[in-house]
Amino acid sequence: MPELVKFKLNDKELTAEKGTLLIEAARQNGVEIPAFCYYPGLSLQAACRMCLVDIEKRPKLATACTEPVMEGMVVWSDNEKIHTARKTTLEFLLTNHPLDCPVCDKGGECELQDMVFRYGAGGSRFVEEKLHVPEQKWSPVVYYDAPRCILCYRCIRICNEGMGVGALGLNYRGVNSEIVPNKGDHLECEECGMCIDICPVGALTSGAYRYQTRPWEMTYVATPCAHCGDGCKVTLSVRNNQIMRGNNRDASGLNGEFLCIKGRYGYDFTHSAERITKPRVRKNDELVECTWTEAIAAAAAGLKAAKTHGVIGSTHTTNEENFFLQKFARQGLKTPHIDHRRSADFPALMDALAGRPATPSALATSRDVLEAPAVLLIGNNPTDQHPMLAWNIRTAVRLRKQHLYIVNRASIPLVAQAEAAKIAKAGEEIEELERFRDALAKEKDVVIIFGSEVKGADITKLVAFGDTLPGHTRYIALADNANSRGAVDMGVLPDLGPGYQPAAQAGMALDEMLAGNLEAFLIVGANPARRYLIQAGKAFVVVQDMFLTETAQIADVLLPSAGPYEKGGTVTNTYGEVQRQKLGLLVNGAKTDLEILSLIARAMGFDLGAANAATQSNEVFEEIRRSVKGYNIAAAALWTGSAVPAVTLNGAVPHRDRPDLIASSNDTLFTSGTLGRYCSALSAVAEAKERKNPEGIGK
Amino acid sequence: MISDTLNTAGAIAKGMATTLKELFQPTITEDYPFEPPNFEGRFRGVHVLQRDANGLEKCVACFLCAAACPSNCIYIEATENTGDNRVSAGDRYAKVYNIDYNRCIFCGYCVEACPTDAITHGHDFEIASYETGTLVYRKEQLLAKEPQGAPAK
Ligand code: SF4
Ligand code: SF4
Ligand code: SF4
Ligand code: SF4
Ligand code: SF4
Ligand code: FES
């Protein structure tokens, strides 16, 4: 039980935990103390003087953002002296401020506007001419307008402390002070846009959104990010079925305030001119546009004519779509051959942990990473591949003194935060763990996080190692994409059905299917042709995709599908947390993969349910809750926007080990498989060219 | 009986005198539609988007008029001024600016809201149409003419 102290605020007796900052203690008790530079979780700055309060027996006003509450303290936050102080502070902040709110991107959601409105004076006594400095373009996505800057240093601190990048600094003095990027006139950084998000005014603006519209003109849709497997929540600002920006100011997701460049700027694949919006069928060896009726009929006829089928699913489509796809394959087409591109060996992990209780779970959630006293990270480069995980680790190391141990084939950026790090040769990661045994044995609880380097039998060895540690050891396997985990959980695998239950009949894996003699393929949102040679014309190929990928080009029937921001459903992140995906906008011509699949099912005479386009996603979700082990999750929590962990430890998982099939596509911060190829912001930033995708595999 | 007759004749004479007097006064009835009507300066007709002295559009696409509009009939799309394409004096301008006269109630709130005096009420009022589609006026229809001899942009 933390120690409580009593203090008096505005003549009211209150209590707060010892050591709490006055500003926080006041907030906890419903008293707002205005502030600019104070930001929870960042170092204290006391730069803005907006939070001044009157403390008994103090000759001068004190800053509530640096003052811890003490027993018997008597504080006023609302008297004449403070009102005058606030008015003066604001007057000073506005001496050089252009007050061009009508053309400022921040207008309508600006902390300075709100403060002046609430606490400011009606006019200014400054008549001197304002200093004008031209606006600066620091990168295609970050712009800086010095006159609007109130020098709160939030941007500098979030970049130093939160991002660990340290790309921003301060130049000049007094009224000339301004924020400078690390390269003098431009930025070289992670381009995450966290600095823009945290800026209380319109000094830092987003290259993708600036001067386009105004905050009150848009609707806001909070939905999981379409890219990596971390499952950040991004708030899309939508106007006229167009995404104007992505941000995260409500911080309601499991990512807190974090978003990487992909979440914040990587939405414009949705509006890419290269999207396919009309179905196509192959006629005289050419893909020609046709009606949906014709395309669905052609797909159904071709699939019906074939005797053997292979089905390839996606790591980006929803759980509902993946569940329906495996049902379509197993019950409709009656084929056992179904797979997807795997990037983490979840079946091996679930098998190795079989028999453990559901609570406390041996699987860690994203929140556990933030709270764990120690993390062991084997393989992967979270800074590039799982940016939110990297953020969580940095936050935990900074604020909670978490101990980080790293085993990796290369020196990754997180080594800077590590207690100890070891470079291991490929395949020797598990042996190298012995070096950390003594150190880890002293830790209370350890969360072990591993990338696609650890798979198959190595996972069993890893769990055996974890078992020798004292405390509660939990595991996280890192998979590439937004719904990589969901694809496995929903049974888009040749040997396992939904919920890690053995399939009635084991089928061929991805490579075997593509090398074999199957007569027809149904490929949903995947691009195997990028990695495997698929001979055109050998089999009948139906492809559902947003773009004319390598695979789509060899299709016999190509069906334009809706992107992740254009449909409802659920997705499961790599930690097993299920989140609801919300319909953000509609794109003319495209249909959701679920709707396309049920149209084909109907044309082929399969009775698989979910025929009503408007309700099918919910119907399938109900079926998942009823029938998939571990997915009977609290729907109410899900519908209100929470991330709910699925309980996927349900006994032994008899699976066929194929470690050779498990590989990460090693996306960087600026690539994201097929989606990334159509995101203009990701390729526009200079850093994208230097940071190469080592294996260049793609989706 | 006689006094009744005299009274009536007197009243008629008085009435006719007024008529006669008014007959020679200048007319105030306007001959619209055969002649253009005269307006008070504050008459609120079809809007005009004004230009500044240099011929640049005054509108900076702040959306405040659209926010103030009680019948929600103003639609704007904003974009940034660039070096070679400067349309307004501010950082941004209205790429699209539509007023839907099917809905506009000529209340003048938009004019009140405008921080740059860009939107004003003009005096045009003859906009009746058999086709509602023609009542959505675009920026090109609303903009004031470029002043003669305006500096090249
Ligand atoms: S930063 Fe805020 S106060 Fe300053 S011009 Fe922009 S909206 Fe107005
Ligand atoms: S974009 Fe991100 S990494 Fe770059 S300066 Fe801003 S906070 Fe730092
Ligand atoms: S740019 Fe924004 S966040 Fe950075 S110091 Fe200026 S006002 Fe603060
Ligand atoms: S960390 Fe992953 S989920 Fe989060 S915003 Fe970046 S790409 Fe999206
Ligand atoms: S007309 Fe005036 S109020 Fe309307 S957008 Fe333009 S500048 Fe703003
Ligand atoms: S919030 Fe306390 S000085 Fe800025």
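Residues numbered from 1 in each chain as written. Chains lettered and ligands numbered in written order. Predicted model: local features only at pLDDT ≥ 70, side-chain atom pairs only at ≥ 80, totals over all residues. Heavy atoms only, no water.

1. Some remarks on helix H20 (residues 616–627) of chain A
All names here are of chain A.
Moving on, step 1. Between its terminal C-alpha atoms H20 stretches 16 Å, which fits the 16 Å expected from twelve residues at 1.5 Å a residue.
Moving on, step 2. Every buried residue of H20 is accounted for by Gln616, Ser617, Val620, Phe621, Glu623, Ile624 and Arg625.
Moving on, step 3. Lining the buried residues of H20 we find helix H8 (319–333), strand S26 (569–572), helix H19 (593–603) and helix H21 (635–639). (Helix = DSSP H or I, 4+ residues; strand = E, 2+ residues; numbered from the N terminus. Expected span 1.5 Å × (residues − 1). Buried < 20%, exposed > 50% of the residue type's maximum accessible area, 1.4 Å probe, protein only. Contact = heavy atoms within 4.5 Å.)

2. Side note on the packing of H19 of chain A against H20 of chain A
All names here are of chain A.
Moving on, step 1. The N-to-C vectors of H19 and H20 enclose an angle of 85°; their axes lie 10 Å apart at closest approach. Taken together, the axis directions place H19 and H20 in an arrangement best described as roughly perpendicular. Only Gln616, Ser617 and Val620 of H20 make contact with H19, whose side of the interface consists of Leu594, Glu595 and Ser598.
Moving on, step 2. Here the residues of the contact of H19 with H20 are counted per class, giving two nonpolar, three polar and one charged. (Axes fitted to C-alpha atoms, helices over the stretch in contact; angles between N-to-C directions. Parallel < 35°, antiparallel > 145°, perpendicular 65-115°, else oblique. Nonpolar A, V, L, I, M, F, W, Y, C, P; charged D, E, K, R; others polar.)

3. Digging into the side chain of Arg342 of chain A
Residue and element names in this part refer to chain A.
Moving on, step 1. Relative to the elements of secondary structure, Arg342 occurs in the loop between strand S17 (338–339) and helix H9 (346–352).
Moving on, step 2. On the basis of relative accessibility, which here comes to 9%, the residue Arg342 falls in the buried class.
Moving on, step 3. Polar side-chain contacts of Arg342 include one of 2.9 Å to the side chain of Asp339.
Moving on, step 4. In this structure, Arg342 is in contact with Leu493, Pro494, Ala509, Arg658, Leu661, Ile662 and Ala663, ignoring residues within four places of it in sequence. (Polar contact = N/O pair within 3.5 Å; in protein donor to acceptor, adjacent residues only side chain to side chain.)

4. Focus on the pattern of salt bridges
Residues and elements named next belong to chain A.
Moving on, step 1. One pass over the structure, following the stated rule, counts 41 salt bridges over all chains.
Moving on, step 2. Asp145 serves as the salt-bridge partner of Arg148, at 3.5 Å between the closest nitrogen and oxygen.
Moving on, step 3. Here Lys327 and Glu623 are joined by a salt bridge, their closest N and O atoms 2.8 Å apart. Of the two residues, Lys327 sits in helix H8 while Glu623 sits in helix H20, which places them 296 residues apart along the sequence.
Moving on, step 4. Residues joined in a network through salt bridges with shared partners are Asp511, Glu512, Arg656, Arg658 and Asp660. (Salt bridge = Lys/Arg side-chain N within 4 Å of Asp/Glu carboxyl O.)

5. Description of the domain arrangement of chain A
Moving on, step 1. For chain A, the assigned domains read domain 1 (4–93), domain 2 (99–207), domain 3 (280–342 + 484–664) and domain 4 (346–478).
Moving on, step 2. Taking only C-alpha atoms, the centre of domain 1 of chain A and the centre of domain 4 of chain A are 41 Å apart. (Domains from an automatic or database assignment.)

6. Some remarks on the site of ligand 3
Moving on, step 1. Taken together, 14 residues are adjacent to ligand 3, and Cys149, Cys152, Tyr153, Cys155 and Cys199 of chain A come closest.
Moving on, step 2. Split into classes, the residues belonging to the shell around ligand 3 amount to 13 nonpolar, no polar and one charged. (Near = heavy atom within 4 Å.)

7. Topic: the pairing of strand S27 (residues 577–581) of chain A
Remember that side chains alternate between the two faces of the sheet whenever the strand is regular.
Residues and elements named next belong to chain A.
Moving on, step 1. Along S27, four of the five residues are buried, which leaves the element largely enclosed by surrounding structure.
Moving on, step 2. Across four bridges, S26 lies against S27 in antiparallel orientation. Bridged to Val571 within S27 is Gln579.
Moving on, step 3. Taken together, S26 and the strand that follows it, S27, pair antiparallel across an intervening segment of four residues, in which Gly576 is found at a positive phi of about 85°.
Moving on, step 4. Judged from the two bridges that link them, S27 and strand S28 (residues 644–645) form a sheet pairing that is antiparallel. (Pairing = 2+ DSSP bridges.)

8. Things to note about the packing of H8 of chain A against H19 of chain A
Residues and elements named next belong to chain A.
Moving on, step 1. Between H8 and H19, whose axes approach to 9 Å, the crossing angle comes to 20°. Judged by the inter-axis angle, H8 sits roughly parallel to H19. H19 is crossed by H8, and the crossing has left-handed handedness. Contacts between H8 and H19 involve Glu320, Glu321, Phe324, Leu325 and Phe328 from the first element and Asp593, Leu594, Leu597, Ser598, Ile600 and Ala601 from the second.
Moving on, step 2. When grouped by side-chain class, the residues that make up the contact of H8 with H19 number seven nonpolar, one polar and three charged. (Left-handed = near helix turned anticlockwise from the far one by under 90°.)

9. Focus on the interface of chain A and chain B
Moving on, step 1. Listed as interface residues are 14 residues of chain A and, on the opposing side, 15 residues of chain B.
Moving on, step 2. Buried surface at the junction of chain A and chain B, both sides included, amounts to about 1,200 Å², of which 51% is carbon and sulfur.
Moving on, step 3. In terms of surface lost to chain B, no three residues of chain A exceed Pro102, Val103 and Tyr211 of chain A, which account for 43% of the buried area on that side.
Moving on, step 4. In this assembly, chain A and chain B are joined by three salt bridges.
Moving on, step 5. In this structure, Arg210 of chain A and Glu80 of chain B form a salt bridge, with 2.7 Å as the shortest nitrogen-oxygen distance.
Moving on, step 6. Where chain A meets chain B, there are eight residue pairs in polar contact (both at pLDDT 80 or more).
Moving on, step 7. Looking at the side of chain A that touches chain B residue by residue, the class counts come to four nonpolar, three polar and seven charged. (Buried area = accessible area lost by both parts, 1.4 Å probe.)

10. Description of a nonpolar patch on the surface
Moving on, step 1. Nonpolar side chains collect at one region of the surface, where Met1, Ile2 and Leu6 of chain B lie side by side and expose about 430 Å² of accessible area between them.
Moving on, step 2. Within the secondary structure, Ile2 of chain B sits in helix H1 (residues 2–23). (Patch = residues over 30% accessible without salt bridge, like charges linked within 9 Å, V, L, I, M, F, W, Y side chains within 5 Å. Areas by Shrake-Rupley, 256 points an atom, 1.4 Å probe, with all protein chains shown as cover.)

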